[in-house]
Amino acid sequence: MMWFRLALALGMPVARARQEIDSHEFCYWMAYYRLEPWGERVADMRHGIAVATLANINRNTEARPQAYMPADFIPWLEGNRNASTGTEPVLLDEPGAQSQLIKAAVFGCRQP
């Protein structure tokens, strides 16, 4: 994955990055990434922090005594999943209801 992250950051294809970057430099890039990660996952974390701060500023502490956490606003985090952990798919007879279920599971959208 590091080759893809690095190639994306440098704006070049992975094949070109592998030709131009030797193993010594690549090790330095990996070390740098561990110290200062970049990319969409890090951006999502920053955004989650900002949104959690905004939500907590406007939170009704009587209705919701616990503070919002950044993970509450980052759908791809495993700890944020409220869905069933069963392995069997949920199949509904009504196509519209199935679509609403998928929207709720993926995007957290509720039916009006």
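Position labels on residues start from 1 in each chain and follow its written sequence. Local features in this predicted model are restricted to residues whose pLDDT is 70 or higher, and side-chain atom pairs enter the listing and the counts only when it is 80 or higher, whereas totals over whole chains, interfaces and linings include all residues. The basis for every side-chain value is the complete set of heavy atoms in the structure, and neither hydrogens nor water enter the calculation.

### A few points about the overall build of the protein
Think of it this way: any DSSP run of H or I at least four residues long counts as a helix, any run of E at least two long counts as a strand, and we number them from the N terminus. Check the secondary structure of the protein and you find five helices and zero strands. Listing every helix and strand of the protein by position from the N terminus yields α-α-α-α-α. Burial statistics for the protein: of 112 residues in total, 16% are counted as buried. Considering only intrachain contacts with a sequence separation of at least 6, the fraction spanning at least 24 residues in the protein is 25%. Summed over its atoms, the accessible surface of the protein is roughly 9,300 Å², and 58% of this surface lies on carbon and sulfur atoms. The buried label applies to any residue whose accessible area, calculated with a 1.4 Å probe on protein chains only, is under 20% of its type's maximum; exposed applies above 50%, and partly exposed to all values in between. The contact definition used throughout considers only heavy atoms, calling two residues in contact when any of these lie within 4.5 Å. Only the protein chains shown count as cover for residues, and all accessible areas are computed by the Shrake-Rupley method using a 1.4 Å probe.

### Some remarks on the pattern of salt bridges
Salt bridge criterion: a side-chain nitrogen from Lys or Arg within 4 Å of a carboxyl oxygen from Asp or Glu. By the definition in use, this model includes two salt bridges. For the salt bridge of Arg16 with Glu20, the shortest nitrogen-to-oxygen distance reads 2.7 Å. On the criterion of helical spacing, the pair formed by Arg16 and Glu20 is a turn pair, its members being four residues apart in helix α2 (residues 14-20). We classify Arg16 as partly exposed; its relative accessible area is 41%. What makes Glu20 partly exposed here is its relative accessible area of 47%.

### Considering helix α1 (residues 2-10)
Along α1, the positions that sit buried rather than exposed are Met2, Trp3, Leu6 and Ala7. Taken end-on, α1 shows its buried residues confined to a sector of 125°, consistent with a single buried face. Across from the buried face of α1, at angles greater than 90 degrees, the exposed residues are Phe4 and Leu8. Next to the buried residues of α1 lie α2 and α3 (23-35). In the segment just after α1, Gly11 is the residue with positive phi, at about 70°. As used here, the arc is the angular range of directions from the helix axis to the C-beta atoms.

### Topic: the environment of Ala67
Mapped onto the secondary structure, Ala67 falls in the loop between α4 (40-57) and α5 (95-107). For the pair Ala67 and Thr53, spaced 14 residues apart in sequence, the C-alpha separation works out to 9.2 Å. Sequence-distant contacts of Ala67, defined by excluding residues within four places in its chain, comprise Asn56, Arg59 and Asp72.

### A look at the packing of aromatic side chains
A pair of aromatic rings is counted whenever rings of Phe, Tyr or Trp (Trp by its six-membered ring) have centres within 6.5 Å, and the orientation is called stacked for planes under 30 degrees apart, edge-to-face for over 60 and tilted otherwise. The full count for this structure, using the stated rule, is six aromatic pairs. Centre to centre, the rings of Trp3 and Phe26 are 4.0 Å apart; their planes meet at 10°, and the pair counts as stacked. Taken together, the residues Trp3 in helix α1 and Phe26 in helix α3 connect sequence positions 23 residues apart. Per residue, the accessibility class of Trp3 equals that of Phe26, and both read buried. Their ring planes at 75° and their centres at 6.1 Å tell us that Trp29 and Trp38 sit as a pair that is edge-to-face. When its relative accessible area of 23% is taken as the criterion, Trp29 is described as partly exposed. The exposure class assigned to Trp38 is partly exposed, which follows from its relative accessible area of 22%. The structure contains a cluster of three or more aromatic residues connected by ring pairs, namely Trp29, Tyr32, Tyr33 and Trp38. Only when the NZ of Lys or the CZ of Arg is both within 6 Å of the ring centre and within 35 degrees of the ring normal is a charge said to sit over the ring. Taking NZ or CZ as reference, Arg64 lies 3.8 Å from the ring centre of Tyr68, over its face.

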